[in-house]
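# Survey of secondary and tertiary structure
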Amino acid sequence: MNAGTGVISGAGFGIYVHWPFCESKCPYCDFNSHAAGRVDQAPWPSAYRSELDWAAQELSQSHAGLPTVTSIFFGGGTPSLMEPETVAGIMAAIRSTFPLDDDAEITLEANPSSAEAGRFRGYASAGVNRVSIGVQSLHDDALVSLGRAHGRDAALATITTARDIFPRYSFDLIYARPGQTISDWTAELTEAAALAGDHLSVYQLTIEPGTAFARNGVPAADEGTAVAMYQITQDILGDVGLPAYEVSSHAAPGMESRHNLTYWRGGAYLGIGPGAHGRLMTKDGWRAVHRIHGPARWLGAVEAKGHGTAKEFSLTTEERRDEVVMMGLRLFGGIEAGDFRAATGLSLMNAFSSDRLARLVDGGFLEMAPGTLKATPEGMLRLDSVIATLLAE
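Summary of the structure given here. Bear in mind the structure is a predicted one, so any value in this text is a computation, not a measurement.

### Digging into the overall build of the protein chain
- Along the backbone of the protein chain there are 15 helices and 17 strands.
- Relative to a compact globule of 393 residues, whose C-alpha radius of gyration would be 21 Å, the protein chain shows 21 Å and is just as compact.
- On the protein chain, roughly 16,200 Å² of surface is accessible, and the fraction owed to carbon and sulfur atoms is 52%.
- Taking the average location of the 30 positive side-chain charges in the protein chain and that of its 45 negative ones, the two points are 5 Å from each other.

Quick look at the structure:
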C-alpha cells in the first residue's frame, strides 16, 4: 500500500454555502437535497447575505475581529444548477462581510448533467477557482443504476470543460457498486487516473438508512471485495502521483482540498443555507450551529428574522474531542498535536484512556509518532471500530 501524504498544518476558516436543489434524488443519497423543477433564484442571494450578516454580527461580538476566510465551498444538492449571477451575488456578500484570503480556495460542486461551458465561465468570473464534479462512474450502465442523470459522454465533456476553465478540478467516483468486479474497478480507475488533475475523490458505496437503495434492499458489496478494491485504489492512484491523504481523497502533494482539511483538522467553519451546519469558536468555547432543514422554511425564516437557525448549542470538551478524533483519524497523516490543542484545548497524548490507546497501538491499529496520532493501514480498514474503541467511556 502506498503511503499517504503527511500532516499539513493550519486548519483555516471556511464558509460552506448549501444549495439544496437537484434535478432528481439519487437512490444512494442521504444528503439534504430536494428534487425540484425550475427554482426562482431571485430571493436567494439576499437570503444568504442576511444569514452572513447575522453570523458576522454574532462572531464580532465574541472576537476581536472577524476571522479571515481561507476557503468557500458551494455544496448541495447541485450547486451547478445555480445561475452564475446567484453565485456572484453570494460571493459579493461574502467579500463585503468577511475578510477573504488572497489565495482562498473557492470550490463549487457540479454535476455533468447541469454543466455547460458558459455557466462554468460565469462561475469563474464570480471567483470560483475549483470545481468538484460528481461523475461517480465512467460506465453508462452503472450511471443508470446509480440514478444519475448524465452518461459517460457528458462526464468526459464536463471534465474537459473544467480542465480548460478552472485552475483546479476534481471529480468523484463510487466503487463497490452492486455487481461490480475487481477487474471492472481496476480498468475504470486506471482510465479515471489518466483523466484526473491534481485531485480525485473515491468513495465506497454504502447503503444508508432512508435511501431508496436501503428501501429496495440493494446489497452492499461483501467485505472482501470492498477491501480488495480499496487496496487497488491506493496502489493505482499512488503510482500516478495521487496518494491518499484522507480515507476517500487523493491528491498531488500540496493540492489537497483546503476546505475539507478545515473540517478534518478541527477548524472553525460557518454554514449558511438550508440544513447547513457550522462549528464556531467563541469567547465562551465551541458552538455548533444547525440551520433549518427545509428550503422553504429556511427561506421564510431568513426573510422574517434575518437567519434560518434551527438550533445552536455549546459543545463540551469531551464532545469536541470526539468530533476532532472522528474527523482527524480519517487523515493518512493523522491528528497533529498543535491542531488538536487548538481545536479542543487538550493535550493529544493525554486525551484518552492510556489502556485503550495502548491496546490499539499494540494491536497495530494506531501509531503514535512525535506530535501525531494516526491510524495504520490496518486501522484504516477498521476505522469506525478503532475510533469507537478509543473514545469508549
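### Digging into the pattern of salt bridges
- Tallied over the full model, the rule gives 14 salt bridges.
- Here Arg-258 ties to Asp-103 by a salt bridge, and the two come within 3.5 Å at their closest N and O atoms. Here Arg-258, found in helix 9 (residues 258-264), pairs with Asp-103, found in strand 5 (residues 100-110); they are 155 residues apart in sequence, far enough to count as distant.
- Its salt-bridge partner being Asp-198, residue Arg-168 comes within 3.5 Å of it at the nearest N-O pair. Residue Arg-168 is found in strand 7 (residues 168-175), and its partner Asp-198 is found in the loop between helix 6 (182-195) and strand 8 (199-204); the two are separated by 30 residues along the sequence. This pair shows no difference in class: Arg-168 is buried, exactly as Asp-198 is.
- One salt-bridge network, held together by shared partners, links Glu-105, Arg-168 and Asp-198.

### Re the side chain of His-259
- Here His-259 shows up in helix 9.
- One polar contact links His-259 to Ser-71, side chain to side chain, over a distance of 2.8 Å.
- Among the polar contacts listed, one links the side chain of His-259 to the side chain of Tyr-263, at a separation of 2.7 Å.
- Once residues lying within four places of it in the same chain are set aside, the contact partners of His-259 are Gly-14, Ile-15, Tyr-16, Ser-71, Ile-72, Phe-73 and Glu-105.

### Considerations on helix 5 (residues 152-165)
- Helix length check: helix 5, at 14 residues, gives a terminal C-alpha distance of 20 Å against a target of 20 Å (1.5 Å per residue), a fit within 8%.
- The set of residues buried in helix 5 consists of Ala-155, Thr-158, Ile-159 and Ala-162. Seen from one end, helix 5 has its buried residues packed into an arc of 100 degrees, which puts them on one side. Facing away from the buried side of helix 5 by over 90 degrees, the exposed positions are Asp-153 and Asp-164.
- Contact partners of the buried residues in helix 5: helix 3 (117-126), strand 6 (130-136), strand 7 and helix 6.

### Observations regarding the sheet that holds strand 17 (residues 372-375)
- Spatially, three strands are ordered 15-17-16 in an open sheet, and the strand pairing comes out antiparallel. Only two strands of the sheet have a single partner each, and these edge strands are strand 15 (335-336) and strand 16 (366-369).

### Concerning the side chain of Arg-130
- If you trace the backbone, Arg-130 turns up in strand 6.
- The side chain of Arg-130 sits in the buried core without any salt bridge; Glu-105 is the nearest counter-charge, 4.1 Å away.
- In contact with Arg-130, not counting residues within four places along its chain, are Glu-105, Ile-106, Thr-107, Leu-108, Phe-166, Arg-168, Ser-170, His-199 and Ser-257.

### Here we look at the nonpolar core
- Among the nonpolar cores identified, the biggest contains 91 residues, and Phe-74 and Phe-171 are the most heavily contacted of them.
- Sorting elements by how many residues they give to this core places helix 1 (residues 44-62) first, with seven residues.
- In terms of nonpolar packing, the next biggest core, distinct from the first, is built from ten residues, Tyr-245, Ala-251, Trp-264 and Ala-276 among them.

### With respect to the packing of helix 6 against helix 8 (residues 223-239)
- Contact geometry for helix 6 and helix 8: axes closest at 10 Å, N-to-C directions at 25 degrees. As far as their axial angle goes, helix 8 and helix 6 are roughly parallel. Between helix 6 and helix 8 lies a crossing of right-handed hand. Facing Ile-182, Trp-185, Thr-186, Leu-189, Thr-190 and Ala-193 of helix 6, the residues of helix 8 in contact are Thr-225, Ala-228, Met-229, Ile-232, Thr-233, Ile-236 and Leu-237.
- Residue composition of the contact of helix 6 with helix 8, grouped by class: nine nonpolar, four polar and no charged.

Here is what the cut-offs are and how they apply
Residues numbered from 1 in each chain as written. Predicted model: local features only at pLDDT ≥ 70, side-chain atom pairs only at ≥ 80, totals over all residues. Heavy atoms only, no water. Helix = DSSP H or I, 4+ residues; strand = E, 2+ residues; numbered from the N terminus. Rg over C-alpha atoms; globule rule 2.2 N^0.38 Å. Areas by Shrake-Rupley, 256 points an atom, 1.4 Å probe, with all protein chains shown as cover. Lys, Arg positive; Asp, Glu negative; His and termini not counted. Charge placed at Lys NZ, Arg CZ, Asp CG, Glu CD. Salt bridge = Lys/Arg side-chain N within 4 Å of Asp/Glu carboxyl O. Buried < 20%, exposed > 50% of the residue type's maximum accessible area, 1.4 Å probe, protein only. Polar contact = N/O pair within 3.5 Å; in protein donor to acceptor, adjacent residues only side chain to side chain. Contact = heavy atoms within 4.5 Å. Expected span 1.5 Å × (residues − 1). Arc of directions from axis to C-beta. Pairing = 2+ DSSP bridges. Core = buried A, V, L, I, M, F, W, Y, C linked by side-chain atoms within 4.5 Å. Axes fitted to C-alpha atoms, helices over the stretch in contact; angles between N-to-C directions. Parallel < 35°, antiparallel > 145°, perpendicular 65-115°, else oblique. Left-handed = near helix turned anticlockwise from the far one by under 90°. Nonpolar A, V, L, I, M, F, W, Y, C, P; charged D, E, K, R; others polar.

Any functional reading would require information that these geometric values do not contain.
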